[in-house]
Amino acid sequence: MKVRSVTIIFIVTCLLVSPSCRRNPYAVNVSSVEADIEIKRLETDLFTMNPSDISSRIPYLKQKYGSFLQIFSYIINTGDVNDSSFGDFLERFCTDKMNNEVYSSVMKQYPDVRTLEDGLREAFRHYRFYFPHGKIPGVFTCTTGFNNSIITGDSILGIGLDRYLGKNCEYYPRLGIYNYISDRMNSWNIIPDCIYAWGSTEWNFPDLKYVADNVLAEMIHEGKLKYFEKCMLPETDDTLIFGFSAGQMKFCSNNESQMWQYLVENDLLFSTDQLVIRKLIDEAPFTGYFSKESPGKASVWVGFRIVESYMMKNSGISLGELMVATDIQHILEKAKYSPQ
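What comes next is a walk through the structure. (Residues numbered from 1 in each chain as written. Predicted model: local features only at pLDDT ≥ 70, side-chain atom pairs only at ≥ 80, totals over all residues. Heavy atoms only, no water.)

**Concerning the pairing of strand β2 (residues 138-142)**
The buried fraction of β2 is high, at four of five residues. Bridge count between strand β1 (residues 39-41) and β2: three bridges; the pairing is parallel. Within β2, the position partnered with I39 by the bridge is V139. Looking at chain direction, β2 and strand β4 (residues 156-160) are connected through five bridges and run parallel. Of the residues in β4, the one forming a bridge with G138 is I156. (Buried < 20%, exposed > 50% of the residue type's maximum accessible area, 1.4 Å probe, protein only. Helix = DSSP H or I, 4+ residues; strand = E, 2+ residues; numbered from the N terminus. Pairing = 2+ DSSP bridges.)

**Concerning the packing of helix α7 (residues 114-130) against helix α12 (residues 215-232)**
For the pair α7 and α12, interaxial distance at closest approach is 8 Å and the crossing angle is 110°. Classified by the interaxial angle, the pair formed by α7 and α12 is roughly perpendicular. Mapping the contact onto sequence places A123, H126, Y127 and Y130 in α7 and F228, C231 and M232 in α12. A per-class count over the contact of α7 with α12 returns six nonpolar, one polar and no charged. (Axes fitted to C-alpha atoms, helices over the stretch in contact; angles between N-to-C directions. Parallel < 35°, antiparallel > 145°, perpendicular 65-115°, else oblique. Contact = heavy atoms within 4.5 Å. Nonpolar A, V, L, I, M, F, W, Y, C, P; charged D, E, K, R; others polar.)

**Considerations on the side chain of K230**
Structurally, the position occupied by K230 is in helix α12. Separated by 2.7 Å, the side chains of K230 and D238 make a polar contact. Setting aside residues up to four positions removed in sequence, K230 forms contacts with Y26, D238, I241 and F304. (Polar contact = N/O pair within 3.5 Å; in protein donor to acceptor, adjacent residues only side chain to side chain.)

**Some details on unusual backbone geometry**
For N77, which is not glycine, the phi dihedral falls at a positive 65°. Checked against the element boundaries, N77 lands in the loop between α4 (67-75) and α5 (86-95). On the basis of relative accessible area, N77 is assigned to the exposed category, the value being 67%.

**Focus: the layout of surface pockets**
Volume-wise, the largest pocket comes out at about 990 Å³. Lining the largest pocket are 42 residues, with R184, D193, G243, E283 and K297 sitting closest to its centre. Those elements giving two or more residues to the lining of the largest pocket turn out to be α9 (179-182), α10 (190-202), α12, α13 (238-242) and α16 (274-281). Per element, the largest residue contribution to the lining of the largest pocket is five residues, and it comes from α12. Class assignment for the residues of the lining of the largest pocket results in 19 nonpolar, 10 polar and 13 charged. Roughly 320 Å³ of internal volume is contained in the second largest pocket. Lining the second largest pocket are 16 residues, and of these P25, Y26, Y227, M311 and M312 sit closest to its centre. (1 Å grid on protein atoms, 1.4 Å probe; cavity = no way out; pocket = protein on both sides within 12 Å on 5 of 7 lines; lining within 4 Å. Points joined across faces, edges and corners; volume = space filled by probe spheres on them.)

**As for the nonpolar core**
Membership of the largest hydrophobic core comes to 84 residues, with the highest contact counts inside it found for L120, F124, Y127, I159, Y227, F228 and L319. At 10 residues, the largest contribution of residues to this core is made by α12. Discounting chain neighbours no more than four positions away, the residues touching Y227 are Y26, F304, V307, E308, M311, L319 and L322. (Core = buried A, V, L, I, M, F, W, Y, C linked by side-chain atoms within 4.5 Å.)

**Details of the pattern of salt bridges**
This model, assessed by the stated rule, comprises 15 salt bridges. Linked through salt bridges whose partners overlap, the residues forming this network are E218, R278 and D282. (Salt bridge = Lys/Arg side-chain N within 4 Å of Asp/Glu carboxyl O.)

**Topic: the sheet that holds β2**
With respect to topology, four strands assemble into an open sheet ordered β1-β2-β4-β3, the strand pairing being mixed. A strand with exactly one partner marks an edge of an open sheet, and here the two such strands are β1 and β3 (150-153). The average undirected angle you get between the axes of adjacent strands in this sheet is 20°.

**So, the packing of aromatic side chains**
Summed over the entire model, instances satisfying the criterion amount to 26 aromatic pairs. Seen in terms of ring centroids, F47 and Y103 are 5.0 Å apart; in terms of plane orientation they differ by 15°. Their pairing is stacked. Separated by 56 residues along the polypeptide, F47 in helix α2 (residues 42-48) and Y103 in helix α6 (residues 97-109) bring together distant segments of the chain. As far as burial versus exposure is concerned, F47 and Y103 are alike and both buried. Centroid distance F129 to Y130: 5.1 Å. Interplanar angle 80°. Geometry classified as edge-to-face. Ring pairs connect the aromatic residues F47, Y65, F68, F72, F93, Y103 and F140, which therefore count as one cluster. (Phe/Tyr/Trp six-rings, centres within 6.5 Å; stacked < 30°, edge-to-face > 60°.)

The structure is reproduced here in structure tokens:
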């Protein structure tokens, strides 16, 4: 009787605190894992310098920001940092009226970056859990004239804060940025965007050399990246992982079987037509092959569901093995994917 009563109490307690009693399958113990993240703010250095001192301060900038300074320079079109003209070009960028207004908006939104540091540190603790010998990138912030959200390079992760001023930022409509894109240009999208960009750099589609470049290969490749993202950010809501609204997430959940059936019945999975692939995989207000209620990249969510099923039904496969796997047919078969 005593054992039975304890069981009942446990069940009732779980019901009361649900869903916290349901174990998050992506949660792992990273308490003993270290990942040192310190964000360096290039925009602050550039826009607080006396313009007349910029040329003389270039050696300091090179020393502090390393190869990121060159990447940044190419993005803002100021050329080779070793050219004698670089200082003049950089001074023009830093004295431009619009650039200074944008910098003021960035500093109002991001007076400090401690929250970003904490979020990235936690994500890269998970990265080190799965990849103990993986490199932790140097992380930098900047303003890029609205050119780039996330910048990646060899052990480099850059964040263009002017692309994260909030969906209602006055500049975005003037720049012709579509609402379905600007809806995700918020502070809470930065960490998921960073982790997706890091994953897509580490496991680049062309470098993996899949047997074929078709719809299914790209769906599963993107699904792998989203699975990686969830492993790095196990407490992050799926709406942020996938960039969907709550309504769009509900559409995907309610129509998973229909979307898969449509792809199968219309012989789209093995299409190598780049127009078809781009319509299913790229950013868009909705996925044209489905309905206007669907999110753009809804097929990526289907790809993720295949990958998730594959990993759940093949527990001996590590995340590292998944990310380099290129036998798409094997993944599909072993996933035993059967949406209801």
